[in-house]
Amino acid sequence: MDELFNNINKNIEELSSQPSSKKRFKLKKSKKRTVTIYSKPQVNHIKLNKEDIDKIKKQPLGNELIKFRKKLYKIFKSENLNLLNNNIKSLKVKIKYIAPEILLLKFVSGKYLFQKNKIEIIKYFKEGTTKHEFFHMASTFYHKEAMLAFSGFEQINYLKKEIVGLGLNEGYTELLTDRYFNEQAEYVSYSYDVCKFFAEKLEEIVGKKEMEKFYLNADLLGLCKYLTNFDELEHIMSFIVYLDYLVKHASLHNPKKFKNCYELIECYLAKWYISKKQQELDKNIIDKETFDIEIKNYVNSLGNKDLYIENYVKQKEYSLK
């Protein structure tokens, strides 16, 4: 297993050192990007009274909002739903029959506006969109004075026009929507599915309860700190930034264009998984047989034929002995 780990590290170094190119996306940029991650927002516990509930019900999608909230309270601890209660009282919902984005051939079936705490949904696509946008609302905090938006694993600094975590956030939001409501948009973006796949593989490392907790509390910093148990922060930020790039550029028309990017992401995930399992082995949480089986199964799961993502770690024929 040491050989596998060393080969993965070697491949990360090789992929990260490739030169930049204007014609094709490469992994090393000519200028290093400085990424700032802010601490999670502090929100007091908020309770809704009967008047609040009645007011919400009168809004568009009001009954669906109340059902959504009830279900989340059955699934998650109330301490992780403060952002939900903070936003749902003043949430604005607009059902649109057509949107400029469609006329411009930029398909958007729904969106959540952080600064306005407003959901806009195209009526025709309502059935496959609402829960996704509800999850955005339930995991968002907007700091008006600092002009900072925290939403799940995404952070936006409006003053500096900086966004980080978009890909991971959209991918994980899709994962939660499908997991708890079995709801998928009829015309879901290919790039969202790519990010959903990698977000799910990351969750296998972090753990479902912890990952959901970080998401619902808009705690990207907490997630990053957890992952530093397995790797240096620079690699963790690279993983997040490459998902940001993929969510904007990956499509069915260019699945092979980002081969190196997919390969690097898979190497990061494999490295972190192995590091975590090594710690469990050292602490006698698992035995050597379990250690070998779980790592082999995880490495074998890193490809996705439906998304045209090859299992690059396995393709390299890394030793699994």
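Residues numbered from 1 in each chain as written. Predicted model: local features only at pLDDT ≥ 70, side-chain atom pairs only at ≥ 80, totals over all residues. Heavy atoms only, no water.

### Let's talk about the confidence of the model for the chain
Any region with low pLDDT has predicted coordinates that should not be read closely. Per-residue confidence for the chain averages 88 on the pLDDT scale, and 86% of its residues sit at or above 70. Segment residues 20-30 is flagged for pLDDT under 50; beyond a separation of four residues in sequence, or across chains, it makes 25 contacts in the model. Confidence drops under a pLDDT of 50 for residues 102-107, and excluding neighbours within four residues, the segment shows seven contacts in the predicted structure. (pLDDT = per-residue confidence, 0-100. Contact = heavy atoms within 4.5 Å.)

### Digging into the sheet that holds strand β3 (residues 118-122)
The strands that make up a sheet are held in pairs by hydrogen bonds between backbone atoms, and each pair lies either parallel or antiparallel. An order of β1-β3-β2 is seen for the three strands of this open sheet, with the pairing classed as mixed. Edge positions in the open sheet fall to β1 (92-96) and β2 (110-113), since each of these has one partner strand only. Within the sheet, the average angular offset between the axes of one strand and its neighbour, ignoring direction, is 15 degrees. Sheet topology note: the β2/β3 ladder contains four bridges and is antiparallel. For lysine 111, the partnering residue across the bridge sits in β3 and is glutamate 120. Seen against the sheet, helix α6 (residues 130-138) touches β2 and β3 and runs at an angle of roughly 15 degrees to β2. (Pairing = 2+ DSSP bridges. Helix = DSSP H or I, 4+ residues; strand = E, 2+ residues; numbered from the N terminus. Axes fitted to C-alpha atoms, helices over the stretch in contact; angles between N-to-C directions.)

### Structural notes on a positive patch on the surface
A contiguous patch of positive charge on the surface is contributed by Lys40, Lys77, Lys208, Lys209 and Lys213. Relative to the assigned elements, lysine 40 resides in the loop between α1 (2-16) and α2 (50-57). The partly exposed category is assigned to lysine 40, whose relative accessible area is 32%. (Patch = residues over 30% accessible without salt bridge, like charges linked within 9 Å, V, L, I, M, F, W, Y side chains within 5 Å. Areas by Shrake-Rupley, 256 points an atom, 1.4 Å probe, with all protein chains shown as cover. Salt bridge = Lys/Arg side-chain N within 4 Å of Asp/Glu carboxyl O. Lys, Arg positive; Asp, Glu negative; His and termini not counted. Charge placed at Lys NZ, Arg CZ, Asp CG, Glu CD. Buried < 20%, exposed > 50% of the residue type's maximum accessible area, 1.4 Å probe, protein only.)

### Section: the sheet that holds strand β4 (residues 140-143)
Strand order in the open sheet made by the four strands is β4-β5-β6-β7, with antiparallel pairing throughout. Because the sheet does not close on itself, it has two edges, and the strands there are β4 and β7 (162-164). When the angles between neighbouring strand axes are averaged without regard to direction, this sheet yields 5 degrees. In terms of strand pairing, β4 meets strand β5 (residues 148-151) through four bridges, oriented antiparallel. Opposite histidine 143, over in β5, you have leucine 148 as the bridge partner.

### A word on the pattern of salt bridges
Counted according to the given criterion, the structure contains 13 salt bridges. In this structure, lysine 196 engages aspartate 178 in a salt bridge whose closest nitrogen and oxygen atoms are separated by 3.2 Å. Note that lysine 196 is positioned in helix α8 (residues 190-206) and aspartate 178 in helix α7 (residues 166-181), a separation of 18 residues in sequence. Lysine 196 gets classed as buried once you look at its relative accessible area, which sits at 11%.

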